[in-house]
Amino acid sequence: MTFDFFSYFTSSITNQLILVVAFFALIQFFYYGLFFSRLAFKKHKIYPEPSHPVSVIVCARNEYQNLKDFLPMILEQDYPQFEVILINDDSDDETEFLTRDLLLRYPHFRVVNINRSISFIKGKKFALSIGIKEAKYKHILLTDADCCPASSSWIRSMQSAFTDSTSIVLGYGRYEKEKGFLNRLVRFDTVHTALQYLSLALSKMPYMGVGRNLSYTQALFEEQKGFTSHYDVQYGDDDLFVNKAANGKNTIAIYNPLAHTVSIAPKTWGAWFRQKKRHLDTGKHYRFGTKIILGLYSSSSFFFYIFFAISLFLSIYNINILNLIIINSFFFLRLITQIIIYSGVCKKLKEKGIIWLVPFFDIIFTILNPFWAFSNVFIKQNKWK
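In this text the structure is predicted, and so the values were computed from the model without any measurement.

With that settled, the discussion passes to the packing of helix H6 (residues 181-202) against helix H11 (residues 321-348). Between H6 and H11, whose axes approach to 11 Å, the crossing angle comes to 100°. In this view, H6 runs roughly perpendicular relative to H11, as classed from their interaxial angle. From H6, Phe188, Val191, His192 and Leu195 reach across to H11, where they touch Ile341, Tyr342, Val345 and Cys346. Across the contact of H6 with H11, the residue classes tally to 7 nonpolar, 1 polar and no charged.

Applying the stated criterion to the full structure yields 12 salt bridges. One salt bridge in this structure joins Lys276 and Asp189, with 3.1 Å as the shortest N-O distance. Here Lys276, found in helix H9 (residues 269-283), pairs with Asp189, found in helix H6; they are 87 residues apart in sequence, far enough to count as distant. Both residues of the pair, Lys276 and Asp189, belong to the buried class.

The next thing to look at is the nonpolar core. Formed by 81 residues in total, the largest nonpolar core has its most connected members in Ile57, Tyr197, Leu198 and Tyr216. Take this core: its biggest share by element is 12 residues, from H6. What Tyr197 contacts, discounting residues up to four positions off in sequence, is Leu170, Gly171, Tyr172, Tyr207, Met208, Gly209 and Val210. With 27 residues, the next largest nonpolar core counts Val54, Leu67, Leu71 and Ile254 among its residues.

What follows concerns the state of the cysteines. Counted under the stated rule, the structure contains 0 disulfides. There is no disulfide at Cys147, and the cysteine sulfur nearest it, in Cys148, is 7.7 Å away. When its relative accessible area of 1% is taken as the criterion, Cys147 is described as buried. Using a relative accessible area of 12% as the deciding quantity, one classes Cys148 as buried.

Note that Lys348 resides in helix H11. Spatially, the C-alpha atom of Lys348 lies 8.0 Å from that of Leu39, the residues being 309 residues apart in sequence. Apart from the residues lying within four places of it in its own chain, the contact partners of Lys348 are Leu39, Ala40, Phe41, Lys42, Lys43, His44, Tyr255, Pro257 and His260.

Turning to the sheet that holds strand E5 (residues 147-149), a few remarks are in order. Pairing is mixed in the open sheet, where 3 strands are placed in the order E5-E10-E7. Each end of this open sheet is capped by a strand with a single partner; those strands are E5 and strand E7 (173-175). Averaged over all pairs of adjacent strands, the angle between their axes in this sheet comes to 35°, without regard to strand direction. Note that E5 and strand E10 (residues 261-263) share 3 bridges and pair antiparallel. In the sheet register, Cys147 faces E10, and the bridge partner there is Ser263.

Cut-offs and rules
Residues numbered from 1 in each chain as written. Predicted model: local features only at pLDDT ≥ 70, side-chain atom pairs only at ≥ 80, totals over all residues. Heavy atoms only, no water. Axes fitted to C-alpha atoms, helices over the stretch in contact; angles between N-to-C directions. Helix = DSSP H or I, 4+ residues; strand = E, 2+ residues; numbered from the N terminus. Parallel < 35°, antiparallel > 145°, perpendicular 65-115°, else oblique. Contact = heavy atoms within 4.5 Å. Nonpolar A, V, L, I, M, F, W, Y, C, P; charged D, E, K, R; others polar. Salt bridge = Lys/Arg side-chain N within 4 Å of Asp/Glu carboxyl O. Buried < 20%, exposed > 50% of the residue type's maximum accessible area, 1.4 Å probe, protein only. Core = buried A, V, L, I, M, F, W, Y, C linked by side-chain atoms within 4.5 Å. Disulfide = S-S within 2.5 Å. Pairing = 2+ DSSP bridges.

Put into structure tokens, the structure is as follows:
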């Protein structure tokens, strides 16, 4: 009888790796149980009917078709007093002719034309700063040119959460459901991002919002001196501003479907990759505490899969049934937890057709996110449009 040193060694290593798998699984259970369950299971809060006037601001550069399709839906919102300001950022398409017609039809519509050559702030921030400065009303509601409200009560629903102590309202912007694998992947990514920023906001730890659906007060913008603290970062007009200005007392998250906006998802892999790279590149400018919270979540997911795969391979090699049962128990407990949480979140956010792809997509993003972050070190982008 010969002593198989390699089998003994790998068996010993596997026992230690199982403890590592258990450690990272427990971190994941902590996030799902303490934070993400809030968005999955918390009921919509009913707020008083809002009555304050609102300035809706849309920035656009060469967005003629989107403006033609979606701007009337914003202009025809069911709300007592509001204005819509379009910041035409040096467009050279047919935008000017479209706005002339809309100005005649909607008295509460205004257009501000700006020349890009005078901008000293990178990206969208200059255009947005001009819009907020031009706003007549103290409450600002932001969306993008390629977005439309999910309901005629969008303004009403987003503004309902404002109180004397509320300065920021975070909304959800979903993507239109279409055929194809890329569309499902993009929509899962949107849900996964919302799972984090809406859940943490509900936990009194807000850290970001999305410019597709975001509201704050003009006073807060002035108090924060606009985007001056991060004017040299070409993106982040939404998440960096919220990351700096938001706290547990002044921020409310709204996930009522009536308050959603709907956008057209990126049509190509290249367009989506660039969008993801922008978001990850902006994330490095978040507050230190935010980076710790998000980093611990993403890294625990990454290392869970890595050590699970290694432990599984070694257990199969050594034909250790007990180890296989233990390892797979952690995997399936985590998987069941994911399915339960995502089922609740997708129902709340009106996202269909992606729930049973969650395990597959989760693995894909665990692999892709480090790749995107690494690529940002070598490949920079310097244009908004």
